[in-house]
Amino acid sequence: MSSSLLTCNDLHVGFTLENEFVEAVRGVTFSIDEQATLGIVGESGCGKSMTALALMRLVPEPPGKISGGRIRFRETDLLALPPQQIRMIRGKEISMIFQDPMTSLNPVYTCRHQIKEVILQHGITPVDQADGLIESILAEVGIPEPKRTADSYPHQLSGGMRQRVMIAMALVGNPALLIADEPTTALDVTVQSKILDLLLDLQEKKRMSMLLITHNLGIVGDIAHDVMVMYAGMVMEYAPSTVLFDEPLHPYTVNLLETLPGIDTRKERLTIIPGEVPTLRNIPSGCPFHPRCSRSMPRCAIDSPPLLDRGNSHTVRCLLYE
Ligand SMILES: Nc1ncnc2c1ncn2[C@@H]1O[C@H](COP(=O)(O)OP(=O)(O)OP(=O)(O)O)[C@@H](O)[C@H]1O
Ligand SMILES: [Mg+2]
């Protein structure tokens, strides 16, 4: 359970905007153990998706670029692989699902056609067994009429069903790592919890690792073993999820927890974090969160806090703990 499947070290990803290279991911380090789930949490624009896309080598280039770091998957250095070899890993060893199934599903082909393409591309089964596999994977993701759904076009399905088809397509090659980028954000609440339950079940059954990206810390608490909180392209706090929920240290994490709807669901959002996420070209000096931080001290505007080790595999980037 505790050997690492993927390690990402000091990852930097940026964009060239009007001739200036600006960083969206600024030195991110994490690892994902075999069969474990890491949650990445943070507000919009903090670099969650760019981190995930870098693992798949899918950063849009140009204007984007992975400008530094090392990503090791098993024994392979992913950033050093030629494009042809990364294509063999992508969709087979590492799969990704997105918030909007229509970014993964092509509206002009049936679901069967699209899943078959993945099967054939990676040689997952011989051609004559592909249909059987397609129907069994659709059944496995909880689709009641696999045969009929296989022959449907994506637009003929409900949002929840499309999400299930996308999950089936991601899982058909038995990936060791599934990256789920806001997999339920576009769905209504009841469908959301069903899809999350499905992901949890599948993760256990298939013994895969998962990287779950969300802005909702509540979801992460239920699913992830470890949580990484990001802000302005940096890791602000990183801990096993039980530790993080018991003892959140960074004022940003505390704020994120406060924005979770409480037991009293009649109140929608209890608080929101005042201020705005900085844009890439206007990242504040010192701690990037200091202008919004309720516990900010004068030196927070000047000194960049290092990631401090607090024991219990808990690290935090905040001068309060120096
Ligand atoms: N194609 C692009 N060109 C320029 N900047 C981009 C591009 N894609 C993303 N960015 C910028 O990179 C930063 C990180 O974006 P990213 O998509 O990783 O955020 P995120 O944490 O996934 O946010 P969200 O929760 O909204 O999905 C943002 O400031 C975003 O504006
Ligand atoms: Mg995103």
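Residues numbered from 1 in each chain as written. Chains lettered and ligands numbered in written order. Predicted model: local features only at pLDDT ≥ 70, side-chain atom pairs only at ≥ 80, totals over all residues. Heavy atoms only, no water.

Asker: Describe the sheet that holds strand β10 (residues 234–240), listing the residues and the values that go with them.
Answerer: Hydrogen bonds between backbone atoms are what pair the strands of a sheet, whose relative direction is either parallel or antiparallel. On the basis of which strands lie adjacent, the open sheet formed by eight strands has the order β6-β7-β8-β3-β9-β10-β12-β11 and mixed pairing. At either end of the open sheet lies a strand with only one pairing partner, and these are β6 (94–97) and β11 (308–309). Strand direction decides the pairing type here: strand β3 (residues 37–41) and strand β9 (residues 226–231), joined by four bridges, are parallel. The partner of Ile40 across the bridge, within β9, is Met228. Helix-sheet contacts for helix α1 (residues 48–55) involve β3, β6, β7 (177–181), β8 (209–214) and β9, and the interaxial angle to β8 is about 150°. Packed on one face of the sheet, helix α6 (residues 159–171) meets β6 and β7 and runs near 170° to β6. (Pairing = 2+ DSSP bridges. Helix = DSSP H or I, 4+ residues; strand = E, 2+ residues; numbered from the N terminus. Contact = heavy atoms within 4.5 Å. Axes fitted to C-alpha atoms, helices over the stretch in contact; angles between N-to-C directions.)

Asker: Before we move on, could you go through α6 and cite the residues and values that matter?
Answerer: Look at α6: 18 Å from first C-alpha to last across 13 residues, which is about the 18 Å you get at 1.5 Å a residue. For α6, a buried count of eleven out of 13 residues is recorded, marking the element as mostly surrounded by other parts of the structure. Every buried residue of α6 is accounted for by Gly160, Arg162, Gln163, Arg164, Val165, Met166, Ile167, Ala168, Met169, Ala170 and Leu171. Looking at the buried side of α6, the elements it contacts are β6, α3 (111–121), α4 (130–140), α5 (146–150), β7 and α7 (189–206). (Expected span 1.5 Å × (residues − 1). Buried < 20%, exposed > 50% of the residue type's maximum accessible area, 1.4 Å probe, protein only.)

Asker: Tell me about the pattern of salt bridges, and please be specific about residues and values.
Answerer: Enumeration over the complete set of coordinates arrives at 15 salt bridges. In this structure, the salt-bridge partner of Arg112 is Glu135, at a minimum N-O distance of 3.0 Å. Of the two residues, Arg112 is situated in helix α3 and Glu135 in helix α4; the sequence distance between them amounts to 23 residues. The burial state of Arg112 is the same as that of Glu135; both residues are buried. The salt bridge partner of Glu145 is Arg148, with a shortest N-O separation of 3.1 Å. Salt bridges here are not isolated pairs; linked through shared partners, they connect Arg112, Lys116, Asp131, Glu135, Lys147 and Asp151. (Salt bridge = Lys/Arg side-chain N within 4 Å of Asp/Glu carboxyl O.)

Asker: I'd like to hear about the packing of aromatic side chains, residue by residue, with values.
Answerer: Taken as a whole, this structure holds three aromatic pairs when the rule is applied. Seen from their ring centres, Tyr231 and Phe289 are 5.1 Å apart, and the 80° between their planes marks the pair as edge-to-face. Of this pair, Tyr231 sits in strand β9 while Phe289 is found in the loop between α10 (251–258) and β11, placing the two residues 58 residues apart along the sequence. Of the two residues examined, Tyr231 and Phe289, each falls in the buried class. Counting every residue linked through ring pairs, the aromatic cluster contains Tyr231, Tyr252 and Phe289. (Phe/Tyr/Trp six-rings, centres within 6.5 Å; stacked < 30°, edge-to-face > 60°.)

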